[in-house]
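One-letter residues, chain by chain:
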Amino acid sequence: MRSNRTFGLVLTILLSVGVEAGEMPRQLAHAPAEQRSKVSFVVSYRTGELTTQSSGAVNRAEVVHVETKDAEGYAAYLKQKPEVLAVEPNYPVSNPRMPKAPIVLAPSSVRSQSISNTPNDPAFSDQWAWQAPTQEYPGVHDILAAARKSVQKRKLRIGVADSGFHQISDLIYTEGYNFSTVDGPGADFYASQINPSCTDSHGTAVAGIIAATTNNFEGVAGILDTELYAARVMSCGYGALNDVATGIYWLAGRPTGAAPTLAKSVDIINISLGSSASECPTYMQEAIDFAISKGVLVVVAAGNDGTDVSGYSPANCNNVITVGSVDRRGQPSDFSNRGSGIDIAALGELVRTLNGEGEASLWFGTSFATPNITGIAGLLKQYAPTLSPERLALRVKEASRYPQDYDTNVFKGGIADANQMITKFDEDLSDIQPSFKPALADAARCHRNAYLNTSVDPSQLETLYEIDSSNLGRLSNDEHYTVFALPKNHPANEATIIAASQESKFLTPNIDLTENEYLFDICKLDGTGCRYGRTLSLSGSERVMGVRSCSPR
């Protein structure tokens, strides 16, 4: 918990006009006049009880507006209450400072795509992140090769927390909501609906990298064919950090104020924004942890201040993938935040995407490196839909590359490699081949009729199968060899556990191969935290359907 001195310093910063040009003054100008003379901070509680002085209550936190002259004393008073967990500033938040303005390309410079077996979107030729790495250009991600290998077993749901969302033909939103308390909340989330004078198209550019319509002879190619959800958490690129937390809760499926609750949480949330904060605020960490508990991966931008990422939130929060920026040559971008908190790096210079007019354009910043990672993670998630956020993040990070002369003192994490990620996953699956066969087909049980004649219910023996996973190596203490039953033609998330054991050889009753597919994985006892996302089909494994003879050969 921060000291009163630190809190007072932050209050001074919040009220100061001596911040970076174009940031806070613009935000304050958008705020209602009565709020400009007040300070807002977020009170997080140890219980679900909220006071009557709040607005925008979310989870165990509430925003309190206090007169400037009373703020520091009132914060100290609240901190003494046993039910209060933390009292923290509602930090001003913005998109990372743009190192360069986007470059809009003239129509003649957008080349038609004629390469066979690649997306036909006109600007695809210059979407460098999709290309295979070379010795000269190791800072790209081989997305095209990965996309060809990634089988879409379920259409993903991707959330983007940002602002500057525009209606353009190459980018379709499934749903959106405005959570900014500067000019909302409300159902309208497109910039043109709320503030037509705002030319910000940051959210559009971010979303275009992930989810622009591919193979439509228009614009750019999005990495994923996905349902896209827009959480407008800022007003024209500026806002308050607690509004971002609110957007995370909504995208993760939690009822949030007047916003319609999503029927299902999204699979991944992209957050290309941040705030100067020496540590992750409690209210932000709790929102992220809630998302993780719902199976949602959170991917965040490291920021563009060229400083240590530990001072930038939510990039300094736990349970997120924090993304730094490199150029095509694999060199860390001068503007990118850096340090041991960078989990992975992605192309963040000359990133081809769309602006608010739907024009192909080139963008710069960790904001645009981040959706490359969101898309790459999505390629594995759609292939193995039940992979947990922790397993998914680990797979993405473990597949990264460290080119020659890559300085791990600048970025701890390497450069993302989508193709290597999918290839390694496939290789690991090919190494997992447990034996799956009728129990009475085993040589040790060759006197089949003896078993049948002495059984109370012989039909049960006919459907009793043996799993032998003795070739798969050791388990951790909380892991089990797990078998799931999945009704045929149903999505993988409807699979149910029918057996779990820490013994490498075990029996599973009531197997019906006509009605169900059977899946195998190494999971926790409750079926969560599975290593491979329930991807391995036992029904396709080696089966011995015949009856062995007891006669010597």
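Because the structure is a prediction, the values reported are computed rather than measured.

Draft legend 1. Expanded view of the packing of helix α7 (residues 202–211) against helix α10 (residues 366–383). At a minimum axis distance of 8 Å, the contact between α7 and α10 shows a crossing angle of 30°. Relative to α10, the element α7 is oriented roughly parallel. The way α7 lies across α10 gives a crossing that is right-handed. Every residue of α10 that contacts α7 at H202, A205, V206, I209 and I210 is listed here: S367, F368, P371, N372 and T374. Here the contact of α7 with α10 is built from residues that sort into 6 nonpolar, 4 polar and no charged.

Draft legend 2. Here's a closer look at the sheet that holds strand β20 (residues 465–468). Strand order in the open sheet made by the 3 strands is β19-β20-β23, with antiparallel pairing throughout. Each edge of the sheet is formed by a strand with only one pairing partner; in this case those strands are β19 (435–438) and β23 (505–508). Put simply, the sheet's adjacent strands are angled 25° from each other on average, direction ignored. Summarising the sheet, β19 and β20 pair through 4 bridges and their orientation is antiparallel. Within β20, the position partnered with P438 by the bridge is Y465.

Draft legend 3. Structural context of the sheet that holds strand β15 (residues 321–326). Strand order in the open sheet formed by 7 strands is β8-β9-β7-β11-β13-β15-β16, and the pairing between neighbours is parallel. Here the strands that pair on one side only, and so sit at the sheet edges, are β8 (175–178) and β16 (344–347). Averaged over all pairs of adjacent strands, the angle between strand axes in this sheet comes to 25°, irrespective of strand direction. In terms of strand pairing, strand β11 (residues 268–271) meets strand β13 (residues 297–301) through 4 bridges, oriented parallel.

Draft legend 4. Inspection of the packing of helix α8 (residues 241–251) against helix α9 (residues 282–293) at higher detail. Two elements in contact, α8 and α9, have axes separated by 9 Å at closest approach and are oriented at 15°. Put simply, α8 runs roughly parallel to α9. Regarding α8 and α9, the two cross each other, and that crossing is left-handed. Here L241, N242, V244, A245, I248 and Y249 of α8 lie close against α9, whose contacting residues are Y283, M284, E286, A287, I288, F290 and A291. When the residues that make up the contact of α8 with α9 are grouped by side-chain class, the tally is 11 nonpolar, 1 polar and 1 charged.

Draft legend 5. Fine view of α8. With respect to burial, α8 is a largely interior element, 11 of its 11 residues being buried. Where α8 ends, the next residue or the one after it, G253, has phi of about 95°, a positive value.

Draft legend 6. Quick peek at the environment of V300. Tracing the sequence through the fold places V300 in strand β13. Its relative accessible area of 1% is what places V300 among the buried residues. Considering only alpha carbons, one finds V300 and G274, 26 residues apart in sequence, at a separation of 8.5 Å. When residues no more than four places from it in sequence are discounted, the contact partners of V300 are I271, P314, A315, V320, I321, T322, V323 and T370.

Draft legend 7. The nonpolar core, seen in detail. Core analysis: the largest hydrophobic core is formed by 80 residues, its most contacted members being Y173, I373 and F520. Excluding anything up to four places from it in sequence, F520 contacts I432, P434, I467, S469, L472, Y481, T482, V483, L536 and L538. A161, A231, M284 and I288 belong to the second-largest nonpolar core, a separate cluster that totals 51 residues.

Draft legend 8. Structural detail: the pairing of strand β3 (residues 61–67). Along β3, 5 of the 7 residues are buried, which leaves the element largely enclosed by surrounding structure. Pairing of strand β1 (residues 38–45) with β3, which is carried by 7 bridges, proceeds in the antiparallel orientation. Bridge pairing in β3 places F41 opposite V64.

Draft legend 9. Layout of the state of the cysteines. Taken as a whole, this structure holds 3 disulfides when the rule is applied. What pairs with C280 in a disulfide is C317, and their sulfur atoms sit 2.0 Å apart. On the sign convention where negative means left-handed, the S-S torsion of about 85° between C280 and C317 marks this disulfide as right-handed. You can see C280 sitting in the loop between β12 (275–276) and α9 and its partner C317 sitting in the loop between β14 (312–313) and β15, a full 37 residues away along the chain. Both residues of the pair, C280 and C317, belong to the buried class. One disulfide in the model links C523 with C530; its S-S distance is 2.1 Å. A torsion of 110° about the S-S bond marks the disulfide between C523 and C530 as right-handed. Taken individually, C523 and C530 each receive the classification buried, so the pair is uniform in this respect.

Draft legend 10. Region of interest: the pattern of salt bridges. The tally for this structure, following the rule as stated, stands at 14 salt bridges. Between K69 and D70 there is a salt bridge, with the nearest N and O atoms lying 3.3 Å from each other. What makes K69 exposed here is its relative accessible area of 72%. Here D305 makes a salt bridge to R97, at a shortest N to O gap of 3.9 Å. Taken as a pair, D305 in the loop between β13 and β14 and R97 in the loop between β5 (92–94) and β6 (103–104) lie far apart in primary sequence, 208 residues in all. Residue D305 is classed as partly exposed on the basis of its relative accessible area of 32%. Residue classification places R97 among the partly exposed residues on the basis of a relative accessible area of 36%. It is possible to trace a salt-bridge network through shared partners that takes in R391, E479 and R531.

Conventions and cut-offs
- Residues numbered from 1 in each chain as written.
- Predicted model: local features only at pLDDT ≥ 70, side-chain atom pairs only at ≥ 80, totals over all residues.
- Heavy atoms only, no water.
- Axes fitted to C-alpha atoms, helices over the stretch in contact; angles between N-to-C directions.
- Helix = DSSP H or I, 4+ residues; strand = E, 2+ residues; numbered from the N terminus.
- Parallel < 35°, antiparallel > 145°, perpendicular 65-115°, else oblique.
- Left-handed = near helix turned anticlockwise from the far one by under 90°.
- Contact = heavy atoms within 4.5 Å.
- Nonpolar A, V, L, I, M, F, W, Y, C, P; charged D, E, K, R; others polar.
- Pairing = 2+ DSSP bridges.
- Buried < 20%, exposed > 50% of the residue type's maximum accessible area, 1.4 Å probe, protein only.
- Core = buried A, V, L, I, M, F, W, Y, C linked by side-chain atoms within 4.5 Å.
- Disulfide = S-S within 2.5 Å.
- Salt bridge = Lys/Arg side-chain N within 4 Å of Asp/Glu carboxyl O.

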